[in-house]
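# Analysis of the macromolecular model
Below are the chains, spelled out letter by letter.
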Amino acid sequence: MNKIIMREILSAVYKNYAKELKEKCPQLLADEYSNPHYVAIPDGWEEAHRRIMIVGKEGYGDLGSGKRDGLTVDDIVKIQDTNKAIVEKITDTKKDNRKFWQRFIKIAENDCSCVWNNIDKIFIKGKVKCSLCDAERIALHSTSIKILQEEIKILKPQTVVFFGWYRQSLAAELPEIYKDFYENGNYIEFNKKIYKVLKDGINYIFSNHPSWRGRYKPADYENNVITCVKESLERV
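Cut-off values and rules
- Residues numbered from 1 in each chain as written.
- Predicted model: local features only at pLDDT ≥ 70, side-chain atom pairs only at ≥ 80, totals over all residues.
- Heavy atoms only, no water.
- Phe/Tyr/Trp six-rings, centres within 6.5 Å; stacked < 30°, edge-to-face > 60°.
- Helix = DSSP H or I, 4+ residues; strand = E, 2+ residues; numbered from the N terminus.
- Buried < 20%, exposed > 50% of the residue type's maximum accessible area, 1.4 Å probe, protein only.
- Lys NZ or Arg CZ within 6 Å of the ring centre and 35° of its normal.
- Axes fitted to C-alpha atoms, helices over the stretch in contact; angles between N-to-C directions.
- Parallel < 35°, antiparallel > 145°, perpendicular 65-115°, else oblique.
- Contact = heavy atoms within 4.5 Å.
- Nonpolar A, V, L, I, M, F, W, Y, C, P; charged D, E, K, R; others polar.

## Re the packing of aromatic side chains
A full pass over the atoms with the stated rule returns 14 aromatic pairs. Measuring from ring centre to ring centre gives 4.4 Å for Tyr14 and Tyr38, while their planes differ by 50 degrees; the resulting arrangement is tilted. On the criterion of sequence distance, the pair formed by Tyr14 in helix α1 (residues 3–24) and Tyr38 in the loop between α1 and β1 (51–56) is long-range, its members being 24 residues apart. The same class applies to Tyr14 as to Tyr38, namely buried. Where Tyr195 meets Phe206, the ring centres are 6.0 Å apart and the plane angle is 45 degrees; that geometry is what we call tilted. Taken together, the residues span a long stretch of sequence, with Tyr195 in strand β4 (residues 195–199) and Phe206 in strand β5 (residues 202–207) at a distance of eleven residues. Judged by its relative accessible area of 0%, Phe206 is buried. In textbook terms, an aromatic cluster arises when at least three aromatic residues are bridged by ring pairs, as seen for Phe162, Trp165, Tyr178, Phe181, Tyr182, Tyr195 and Phe206. Its end group placed over the ring of Trp45, Arg51 keeps NZ or CZ at 6.0 Å from the ring centre. In this arrangement the basic side chain of Arg137 is found over the ring face of Tyr166, its NZ or CZ atom lying 3.5 Å from the centre.

## Looking at the packing of helix α2 (residues 73–93) against helix α3 (residues 99–108)
One way to put it is that α2 packs onto α3 with a least axis distance of 10 Å and a crossing angle of 75 degrees. As summarised for this structure, α2 and α3 are arranged roughly perpendicular, according to the angle between their axes. Of the residues in α3, those touching α2 at Ile86, Val87, Ile90 and Thr91 are Trp101, Phe104, Ile105 and Ala108. In terms of residue class, the contact of α2 with α3 is made up of seven nonpolar, one polar and no charged.

Written out as structure tokens, the structure is:
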């Protein structure tokens, strides 16, 4: 699938998703919330031998509103272009003090193409306390379109790396992996290691957010995350 077709399919899914957001959770389209995070396809993604989707918890900042009347395809493309410019600037300069992007840069250095995503598409605007509450998060993921699933199907990454996640979001978006992770007890020892699962030919890697300072965080945790990603790439 070439980039033009891939982008057209993704834009069509996003347009339908935007309609569902308006129907299912219009309260999240108020001015205090961000625009949805729409993934930008990196240059050369479709030809890349090794493709990684990096999934954060949510964005932060003052991304615009203007959502009450819905988002057009042009609006979605503008958001994608903004996200693309952010990633390109950071990966080209390899300079950013935020721990999220420091880990992102280290992964991107491994001869691979990386796309930036978030498991929660909408967040509270601002640079502190950006995460949704549980009720807001449940509403956000109440759409019939499971957007993370759709993005993975369209973009076809070989590896999906989570830099943290929310339990409700994971249960809604990737229920089979959620079941293996939580209901089968694999989460119990998670804080002492990194969780990996192979599903439908895709390596899913679950790591805590780079800013996590949990009680059981090993001293070499960040290095272990990068090593785990490298091992996944070597299998491609």
